Amino acid sequence: MLHRACRQLSRWRGDGRDLWVSVNVSAAQLNNGGWLAAVATAIDTHCVPAESLVVEVAEAALPEDAFAVEQLAGLRALGVRTALDHFGTGPTALAHLRRLPIDVLKIDQALFSEPPGRQGPRRRSSTSSWGWRGGWGST
């Protein structure tokens, strides 16, 4: 899937479209020791700028080990942007976000939904995303 996404992105960019593409990865892929090399090969093979690729991992699938964090940091070192998807559905605390090398936080709509049995004003459901470079800072 990674090569397919990079190949399509290369075509779009060749047509003059300045786009980026996201690729979802599983915890198993992220924990594969050859994952960073595979990403580097894909962006080099298809001549796409690293920053035009976003690698997304679901919060619930994010392993609780240091290797996953190293892999995310390695992707960022390549210039690839990283995203944490479905935030609010897993065990990650807001304080934990400080140590995760992520550029985009995609908040799941469930975080904004009313708890079961509680009726509140009707709201449209949506998924919100925020992006940043350099992590969370305090002011």
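What this report covers is the structure whose coordinates are included nearby. (Residues numbered from 1 in each chain as written. Predicted model: local features only at pLDDT ≥ 70, side-chain atom pairs only at ≥ 80, totals over all residues. Heavy atoms only, no water.)

1. A short note on the side chain of Ser52
Condition: The numbering of helices and of strands both runs from the N terminus, where a helix is a DSSP run of H or I of at least 4 residues and a strand a run of E of at least 2. Between N or O atoms, a polar contact is any pair within 3.5 Å; within protein, one atom must be a potential hydrogen donor and the other a potential acceptor, and residues adjacent in sequence are included only when both atoms are from side chains. The contact criterion used is simple: two residues touch if any of their non-hydrogen atoms lie within 4.5 Å.
With respect to the helices and strands, Ser52 occurs in the loop between helix H3 (35–45) and strand S2 (53–58). In this structure the side chain of Ser52 is engaged in a polar contact, spanning 2.6 Å, whose partner is the backbone oxygen of Pro49. Excluding its chain neighbours within four sequence positions, the residues that come into contact with Ser52 are Leu9, Arg13, Leu19, Trp20 and Val21.

2. Side note on the packing of helix H1 (residues 2–14) against H3
For clarity, the threshold we go by: Helix axes are fitted to C-alpha atoms over the stretch in contact, other axes to C-alpha atoms as well, and angles between N-to-C directions run from 0 to 180 degrees. Throughout, the term roughly parallel applies to angles under 35 degrees, roughly antiparallel to angles over 145, roughly perpendicular to angles from 65 to 115, and oblique to all others. The hand of a helix crossing depends on one turn: near helix anticlockwise from the far one by less than a right angle means left-handed, and clockwise means right-handed. Polar here means any residue other than Ala, Val, Leu, Ile, Met, Phe, Trp, Tyr, Cys and Pro, which are nonpolar, and Asp, Glu, Lys and Arg, which are charged; Gly is therefore polar.
Axis separation between H1 and H3 bottoms out at 9 Å; the angle between their running directions is 25°. Overall, the two elements H1 and H3 adopt an arrangement that is roughly parallel. Between H1 and H3 lies a crossing of right-handed hand. Residue-level contacts link Leu2, His3 and Cys6 of H1 to Trp35, Ala38, Val39, Thr41, Ala42, Ile43 and Thr45 of H3. When its residues are assigned to classes, the contact of H1 with H3 shows seven nonpolar, three polar and no charged.

3. Let's talk about the packing of H3 against helix H4 (residues 66–78)
Where H3 contacts H4, the two axes come as close as 10 Å, and the packing angle between them is 25°. Relative to H4, the element H3 is oriented roughly parallel. Two packed elements cross with a definite hand, and for H3 against H4 that hand is right-handed. Packed against H3, whose contacting residues are Trp35, Leu36, Val39 and Ala40, the element H4 presents Gln71, Gly74, Leu75 and Leu78 at the interface. When the residues that make up the contact of H3 with H4 are grouped by side-chain class, the tally is six nonpolar, two polar and no charged.

4. With respect to the pattern of salt bridges
Let me state the cut-off plainly: Salt bridge, as used here: a side-chain nitrogen of Lys or Arg that lies within 4 Å of a carboxyl oxygen of Asp or Glu. When a residue's accessible area, from a 1.4 Å probe over protein chains only, is under 20% of the maximum for its type it is buried; when over 50% it is exposed; and in between it is partly exposed.
Under the definition given, this model contains three salt bridges. Residues Arg76 and Asp103 are paired through a salt bridge, measuring 3.1 Å at the closest nitrogen-oxygen approach. Within this pair, whereas Arg76 is found in helix H4, its partner Asp103 is found in the loop between strand S3 (81–87) and strand S4 (104–107), the two being separated by 27 residues in sequence. When its relative accessible area of 3% is taken as the criterion, Asp103 is described as buried.

5. What about the nonpolar core?
Put simply, the test is: Throughout this description, the term nonpolar core refers to a set of buried Ala, Val, Leu, Ile, Met, Phe, Trp, Tyr and Cys residues connected via side-chain atoms within 4.5 Å.
Ranked by internal contacts, the top residues of the largest apolar core, which has 30 residues, are Leu2, Trp35, Leu53, Leu62, Val80 and Leu84. If near-sequence neighbours (up to four positions away) are discounted, Leu53 is found in contact with Leu2, Cys6, Val21, Val23, Val39, Ile43, Val80 and Arg81.

Just geometry here; none of it tells us what the structure is for.
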